[in-house]
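Architecture and fold: a report
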Amino acid sequence: MHLLHIDSSALGGNSVTRELSAAIVARWRDALPDLRISYRDLDLDPVPHVTGRGLSGADADEVAAAARTLEEFLAADVIVIGAPMYNFSVPSTLKAWIDRIAVAGKTFRYTADGAQGLAGGKQVIIASGRGGLHTGAPSDFQEPYLRQVFGFLGIDEVTFVRAEGVAYSPEHRAEALAAAHASIPEPV
Ligand SMILES: Cc1cc2nc3c(=O)[nH]c(=O)nc-3n(C[C@H](O)[C@H](O)[C@H](O)COP(=O)(O)O)c2cc1C
């Protein structure tokens, strides 16, 4: 079994989602000692944005980075993603990664009956961090967006581990983090 661990927070050691994604991966490692783990830090090692030169094949570096990113995703059975809310959605580094894994003919296709996801059978666990409270609110373009993206690719097993309101106060942050740790699901 292969687990792909992605982080995207720009806050380094002060990051809520990095702490939570690491805790989720540690839980999987403890449960499955033979688990293969790949790690991608999108803050330190970002995936290039989609450009015309890349799409046309003129930028060989972009083409190679896109292929590598897609291969990493396709090889994974479980994907753990540290996903902060940035401006009501996800960091642009995570969006750039999503642009590389949503590839027609590889992870989805259009048929006469509509879109069909081709990446089913994977499990996605998202460590979500938000400064404010957004669950169920119209301001939440992060969690519904991520559910839509992975659902579109055929992945219905998407679990969220949430720390919300972390900017309200240090006490609120500590409580939200403790609750998020307690909600980490057992590996299945
Ligand atoms: C660039 C930036 C944009 C942010 N935008 C929002 C936002 O729109 N709504 C919100 O509730 N929190 C926002 N926050 C706060 C983060 O969601 C919060 O700090 C969260 O803990 C980030 O996860 P991290 O600690 O893993 O970096 C933003 C933080 C940054 C750095």
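Every value quoted in this text rests on a predicted model; they were computed, and no experiment measured them.

What counts and how
Residues numbered from 1 in each chain as written. Predicted model: local features only at pLDDT ≥ 70, side-chain atom pairs only at ≥ 80, totals over all residues. Heavy atoms only, no water. Buried < 20%, exposed > 50% of the residue type's maximum accessible area, 1.4 Å probe, protein only. Helix = DSSP H or I, 4+ residues; strand = E, 2+ residues; numbered from the N terminus. Pairing = 2+ DSSP bridges. Contact = heavy atoms within 4.5 Å. Near = heavy atom within 4 Å. Polar contact = N/O pair within 3.5 Å; in protein donor to acceptor, adjacent residues only side chain to side chain. Areas by Shrake-Rupley, 256 points an atom, 1.4 Å probe, with all protein chains shown as cover. Phe/Tyr/Trp six-rings, centres within 6.5 Å; stacked < 30°, edge-to-face > 60°. Core = buried A, V, L, I, M, F, W, Y, C linked by side-chain atoms within 4.5 Å. Arc of directions from axis to C-beta.

It is worth spelling out the pairing of strand β6 (residues 123-129) at this point. Of all seven residues in β6, seven are buried; the element is thus mostly enclosed. Of the two faces of β6, the one holding Gln-123, Ile-125, Ala-127 and Gly-129 and the one holding Val-124, Ile-126 and Ser-128 are both buried throughout. Both strand β3 (residues 78-84) and β6 contribute to a ladder of seven bridges, which runs parallel. Of the residues in β6, the one forming a bridge with Ile-81 is Ile-126. As judged from the seven bridges shared by β6 and strand β7 (residues 157-163), these two strands associate in the parallel manner.

Right, let's talk about the environment of Pro-91 for a bit. Among the secondary structure elements, Pro-91 is positioned in the loop between β3 and α4 (92-101). Sequence separation between Pro-91 and Leu-133 is 42 residues, and the spatial gap between their C-alpha atoms is 17 Å. Contacts of Pro-91, omitting those with residues within four sequence positions, involve Ser-8, Pro-84 and Tyr-86.

Quick look at the site of the ligand now. Surrounding the ligand, one finds 16 residues, the nearest of these being Ser-9, Ser-15, Thr-17, Gly-132 and His-134. Here Thr-17 contributes a side-chain N or O atom positioned 2.5 Å from an oxygen atom of the ligand. Here a nitrogen atom of the ligand sits 3.1 Å away from a polar atom, N or O, in the main chain of Gly-131. Taking 630 Å² as the accessible area of the ligand by itself, protein coverage stands at 76%.

This structure, assessed with the given rule, holds four aromatic pairs. Where Phe-108 meets Tyr-110, the ring centres are 5.8 Å apart and the plane angle is 80°; that geometry is what we call edge-to-face. Ring centres of Phe-108 and Phe-152 lie 4.8 Å apart, and the angle between their planes is 50°; on these two criteria the pair is classed as tilted. Of this pair, Phe-108 sits in strand β4 (residues 108-111) while Phe-152 sits in helix α5 (residues 143-152), placing them 44 residues apart in sequence.

With that out of the way, let us pick up the nonpolar core. Grouped together as the largest cluster of nonpolar side chains are 25 residues, with contacts concentrated most on Ile-81, Leu-94, Trp-97 and Phe-150. Among the elements of the structure, β1 (2-7), β3, α4, β6, α5 and β7 are those that each provide at least two residues to this core. No other element matches α4, which puts four residues into this core. Not counting residues up to four positions away in its chain, the partners in contact with Leu-94 are Ile-6, Ser-8, Leu-42, Ile-81, Ala-83 and Leu-146. Core analysis: the next-biggest nonpolar cluster, separate from the first, contains 18 residues, Val-25, Ile-125, Ala-127 and Ala-176 among them.

Moving on, we get to α5. Considered for burial, the residues of α5 that qualify are Glu-143, Leu-146, Val-149 and Phe-150. In an axial view of α5, the angular spread of the buried residues amounts to 130°, which keeps them on one side of the axis. Those residues of α5 that are buried are in contact with α3 (60-75), β3, α4, β6 and β7. Just beyond α5, the residue with positive phi is Gly-154, at close to 95°.

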